[in-house]
Amino acid sequence: MIAIIIIAIVAIMAAWFISVQRNLIKRDEFCKNALSQIGVQQASRWDALTALAELTKSYNEHEYNTLRDIIAMRKKVTGNSSVKDVEEQEKMIETAMRSIDVVVEQYPQLKANETYLKTMDSVNVYENQVRTSRMVYNDNVTSFNRLIRQIPSNFVANMLHFTEREYLEVSQEKTEMPSMKI
């Protein structure tokens, strides 16, 4: 009788351990997927910025070269990238946008260009998608971090070497959406 009780307890503990491990992996994958989605949105923004760089070429060769150099430094953000990688890409995109703004201010006729208007609209759409993706990532990180810190799942997380993930922070400069008005 005692042997059956011990076997039942061991079976229950094993089932619980497997359940917690599967839940940890699921939430870790959610975090990786959300980070990867940010990378997809950033890639779309880079493509739009590349189109804007080509458009500025006919207006100002120096700014075009600057933008081309910035765009050449971009890196792909994947599910295995770090929060730092995402933030570095955001800073590079902001630098590229400032360069484009300089050209637009110098050449008002560029503001009226239909291609410019459409491309800026797409940049705004991608910017909003990145914001949404960042919120989804942080929500997934909250869920994951809570799971690895709460008793009793933290015992399994520690045994399997799951560690807390970093949140994506919003810089003070990005607390308000930059004006893209023409």
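Before reading further, recall that the structure is shown in the block above.
Residues numbered from 1 in each chain as written. Predicted model: local features only at pLDDT ≥ 70, side-chain atom pairs only at ≥ 80, totals over all residues. Heavy atoms only, no water.

**Some details on the overall build of the protein**
Here comes step 1: Helices and strands together make up the secondary structure of the protein, namely 6 helices and 0 strands.
Here comes step 2: The N-to-C order of helical and strand elements in the protein reads α-α-α-α-α-α.
Here comes step 3: Computed over C-alpha atoms, the radius of gyration of the protein comes to 23 Å, more than 25% over the 16 Å expected from 2.2 N^0.38 for 182 residues, which places it beyond the range of a compact globule.
Here comes step 4: Projected onto the principal axes, the alpha-carbon positions of the protein cover approximately 90 × 25 × 25 Å.
Here comes step 5: Put simply, the protein has 182 residues, and 38% of those count as buried.
Here comes step 6: A separation threshold of at least 6 residues defines the contact pool for the protein, and within that pool the share at least 24 residues apart is 79%.
Here comes step 7: Carbon and sulfur atoms make up 57% of the accessible area of the protein, which amounts to about 11200 Å² in all.
Here comes step 8: Seen as two clouds, the 22 positive and the 23 negative side-chain charges of the protein have centres 6 Å apart. (Helix = DSSP H or I, 4+ residues; strand = E, 2+ residues; numbered from the N terminus. Rg over C-alpha atoms; globule rule 2.2 N^0.38 Å. Buried < 20%, exposed > 50% of the residue type's maximum accessible area, 1.4 Å probe, protein only. Contact = heavy atoms within 4.5 Å. Areas by Shrake-Rupley, 256 points an atom, 1.4 Å probe, with all protein chains shown as cover. Lys, Arg positive; Asp, Glu negative; His and termini not counted. Charge placed at Lys NZ, Arg CZ, Asp CG, Glu CD.)

**Some points on the pattern of salt bridges**
Here comes step 1: As enumerated under the stated definition, the model contains 11 salt bridges in all.
Here comes step 2: Residue E114 pairs with K118 through a salt bridge whose shortest N-O separation is 3.1 Å. Of this pair, E114 and K118 both sit in helix 5 (residues 114-149), separated by 4 residues, roughly a single helical turn.
Here comes step 3: A relative accessible area of 53% means that E114 is categorised as exposed.
Here comes step 4: Residue classification places K118 among the exposed residues on the basis of a relative accessible area of 54%.
Here comes step 5: A cluster of three or more residues bridged by salt bridges with shared partners is formed by D28, E29, K32 and R165. (Salt bridge = Lys/Arg side-chain N within 4 Å of Asp/Glu carboxyl O.)

**Some details on the nonpolar core**
Here comes step 1: Counting residues in hydrophobic clusters, the biggest one holds 22 residues, and the most contacted among them are W46, L49, L52, M97, I100, L110 and Y116.
Here comes step 2: Elements with a minimum of two residues in this core: helix 1 (2-57), helix 2 (61-72), helix 3 (83-106) and helix 5.
Here comes step 3: Per-element accounting of this core gives the leading share, 7 residues, to helix 3.
Here comes step 4: Membership of the second largest hydrophobic core comes to 18 residues, among which are V83, F144, A157 and L168. (Core = buried A, V, L, I, M, F, W, Y, C linked by side-chain atoms within 4.5 Å.)

**Description of the packing of helix 2 against helix 3**
Here comes step 1: Running from amino to carboxyl end, helix 2 crosses helix 3 at an angle of 170°, the nearest separation of the two axes being 10 Å. As far as their axial angle goes, helix 3 and helix 2 are roughly antiparallel. Judged by residue contacts, E63, T66, L67 and I70 of helix 2 engage M92, T95, A96, S99, I100, V102 and V103 from helix 3.
Here comes step 2: Class assignment for the residues of the contact of helix 2 with helix 3 results in 7 nonpolar, 3 polar and 1 charged. (Axes fitted to C-alpha atoms, helices over the stretch in contact; angles between N-to-C directions. Parallel < 35°, antiparallel > 145°, perpendicular 65-115°, else oblique. Nonpolar A, V, L, I, M, F, W, Y, C, P; charged D, E, K, R; others polar.)

**Looking at the side chain of S153**
Here comes step 1: Turning to its location among the elements, S153 is positioned in helix 6 (residues 153-159).
Here comes step 2: Sequence-distant contacts of S153, that is, excluding residues within four places in its chain, are made with W16, V20 and L147.

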